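Examining the three-dimensional arrangement
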Amino acid sequence: MAGRTAPAPAGLGVAGGAHVTVRLIATGGTISSHHDGRGWTELAGSELVAELVDDLDRAGVDVEVVDVAAGPSSHLSVDDMSAIAGHVRDAVADGHGVVVTHGTDTIELTSFLADLLLPAAADRPPVVFTGSMRVHSHPQPDGPRNLLDALVVAGDRAARGCGVLVCVDGLLHAAARVVKCDAGSLDAFSSAPLGPVGTVQGGTVIVHDDAPLAGPHATDLAPDVPLLTVYPGIDPSQVARTLDGRRGAVLEVFGDLNVPRTLWAPIHEAWRAGTLVVLASRPFTGTTRSEGLDLLGAVGAGGLTAQKARLATMAALGGGAGRDDAIEFLHARRLVRPHDERSST
Ligand code: ASP
């Protein structure tokens, strides 16, 4: 996996220290929530940027702002997330680095969807999502620092060509890897077992050598891909009904993609009927294809969480893609441990 370690001075996106322009796409979330003593208000992106103006000037970053959504990110539909990804695509097409402020509940999903929908290019401007765990009116808010960090990363050459990033608490995570793992801590995000792809500290951006580059992208999403979590003793007919007549479906199963024997028949039948059955698991397992999965009639989600696997399956089947092409897409999108890469196919 190619990558780069580039402890470039912050903001030097243009030779000679000229300012770079970053587009901020504001979509609500805790980072913009403010209690003014009488009630809750939501701050516009321009208000969040206004308080960073001196730091941004020192870092050489100019910011243009578009407010596109408001409120908690748990309310966003896939269509809403696609619309945000569309704004990101427009900004990148205009040649800008991009920051998206977003609620932390679903930041890992919208950022991943943007990753799936954005065309890759070696010098693609950075796309960086950020949010905060504390509201803006908290005595020690984490939002301003996260936003400043994200804007600096978005203006920095070191992050060009990377997949979409999530910047929180001084860490840069790949959107494909990151999950919110603690709803009550500043240190709420993890990319375990693979780890973050870089850091931003005091304006210095470091992107590790093994940071994933932008991957193959989809132009469209297939609708109607259900996700079902398998639990001990689940009724096989419930699984059969979920899979029936679908182009694709995701089942969250156990361990290394282990499936209760009662579900082997409904999965096999759905596969024979043409459904792309994708198995995800809570513990990390990077498998997409294996002899056992071939026999069952399913593919693995390649280490994606079940929620991300659903989005990836919608992308894989988008534009009417056939199942074999969709499997190739999922395989190309699998998460790879750096030391596994040479042995993977
Ligand atoms: N409820 C919030 C949201 O996701 C949480 C946050 O932003 O941190 O919109």
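Below is a summary of the structure that appears in this document. These numbers were taken from a predicted model, which means no experiment stands behind them.

Looking at the site of the ligand
In the neighbourhood of the ligand, the contacting residues comprise Gly-29, Thr-30, Pro-72, Ser-73, Gly-103, Thr-104, Asp-105 and Ser-132. Between the ligand and Thr-30, the relevant distance is 2.9 Å, taken from an oxygen atom to a main-chain nitrogen or oxygen of the residue. Partitioning the shell around the ligand into residue classes produces one nonpolar, six polar and one charged.

Points about helix H5 (residues 143-154)
With twelve residues, H5 extends 16 Å between its outermost C-alpha atoms, agreeing within 8% with the 16 Å of an ideal straight helix rising 1.5 Å per residue. Listing the buried residues of H5 in full gives Gly-143, Asn-146, Leu-147, Leu-148, Asp-149, Ala-150, Leu-151, Val-152, Val-153 and Ala-154.

Notes on the packing of aromatic side chains
Here a ring pair, both rings aromatic, is described through the centre-centre distance and the interplanar angle of the planes. Per the counting criterion, the structure on display carries zero aromatic pairs. Note that Arg-323 overlies the ring of Trp-271, its terminal NZ or CZ placed 3.9 Å from the centroid.

Some thoughts on the environment of Leu-113
Looking at the element boundaries, Leu-113 is found in helix H4 (residues 107-117). Taking the C-alpha atoms as reference points, Leu-113 and Gly-131, separated by 18 residues in sequence, lie 17 Å from one another.

Concerning the side chain of Ser-191
Along the chain, Ser-191 falls in the loop between strand S10 (189-190) and strand S11 (198-201). Reaching out from Ser-191, the side chain makes a polar contact with the side chain of His-173 at a distance of 2.7 Å.

Quick notes on helix H9 (residues 306-316)
Burial analysis of H9 places nine of its eleven residues in the buried class, the great majority of the element. Those residues of H9 that sit buried are Ala-306, Lys-308, Ala-309, Leu-311, Ala-312, Thr-313, Met-314, Ala-315 and Ala-316.

Describing the side chain of Ser-33
Along the polypeptide, Ser-33 turns up in strand S2 (residues 33-35). From its side chain, Ser-33 meets the backbone oxygen of Gly-29 in a polar contact 3.5 Å long. In this view, Ser-33 contacts Trp-40, Thr-41, Val-135, His-136 and Ser-137; residues no more than four positions away in its chain are not counted.

Overview of the environment of Pro-141
One can find Pro-141 in the loop between strand S6 (127-130) and H5. On the basis of relative accessibility, which here comes to 28%, the residue Pro-141 falls in the partly exposed class. For the pair formed by Pro-141 and Ile-31, sequence separation is 110 residues and the distance between their alpha carbons is 8.5 Å. Excluding anything up to four places from it in sequence, Pro-141 contacts Arg-134, Val-135 and His-136.

Details of the sheet that holds strand S5 (residues 97-101)
Whether parallel or antiparallel, the strands of a sheet pair through hydrogen bonds between backbone atoms. Strand order in the open sheet formed by eight strands is S4-S1-S5-S6-S7-S8-S11-S12, and the pairing between neighbours is mixed. The open sheet has two free edges, formed respectively by strand S4 (61-67) and strand S12 (204-207), since each of these has just one partner strand. With strand direction ignored, the average angle separating the axes of adjacent strands in the sheet is 25°. Pairing of S11 with S12 involves four bridges; the strand directions are antiparallel. Residue pairing for S12: Thr-199 is matched across the bridge by Ile-206. Running over the sheet, helix H3 (residues 78-93) touches strand S1 (20-26), S5 and S6 and is turned about 160° from S5. Relative to the sheet, H5 contacts S1, S4, S5, S6, strand S7 (165-168), strand S8 (171-174), S11 and S12, its axis offset from that of S5 by approximately 160°.

Reading guide: rules and limits
Residues numbered from 1 in each chain as written. Predicted model: local features only at pLDDT ≥ 70, side-chain atom pairs only at ≥ 80, totals over all residues. Heavy atoms only, no water. Near = heavy atom within 4 Å. Polar contact = N/O pair within 3.5 Å; in protein donor to acceptor, adjacent residues only side chain to side chain. Nonpolar A, V, L, I, M, F, W, Y, C, P; charged D, E, K, R; others polar. Helix = DSSP H or I, 4+ residues; strand = E, 2+ residues; numbered from the N terminus. Expected span 1.5 Å × (residues − 1). Buried < 20%, exposed > 50% of the residue type's maximum accessible area, 1.4 Å probe, protein only. Phe/Tyr/Trp six-rings, centres within 6.5 Å; stacked < 30°, edge-to-face > 60°. Lys NZ or Arg CZ within 6 Å of the ring centre and 35° of its normal. Contact = heavy atoms within 4.5 Å. Pairing = 2+ DSSP bridges. Axes fitted to C-alpha atoms, helices over the stretch in contact; angles between N-to-C directions.

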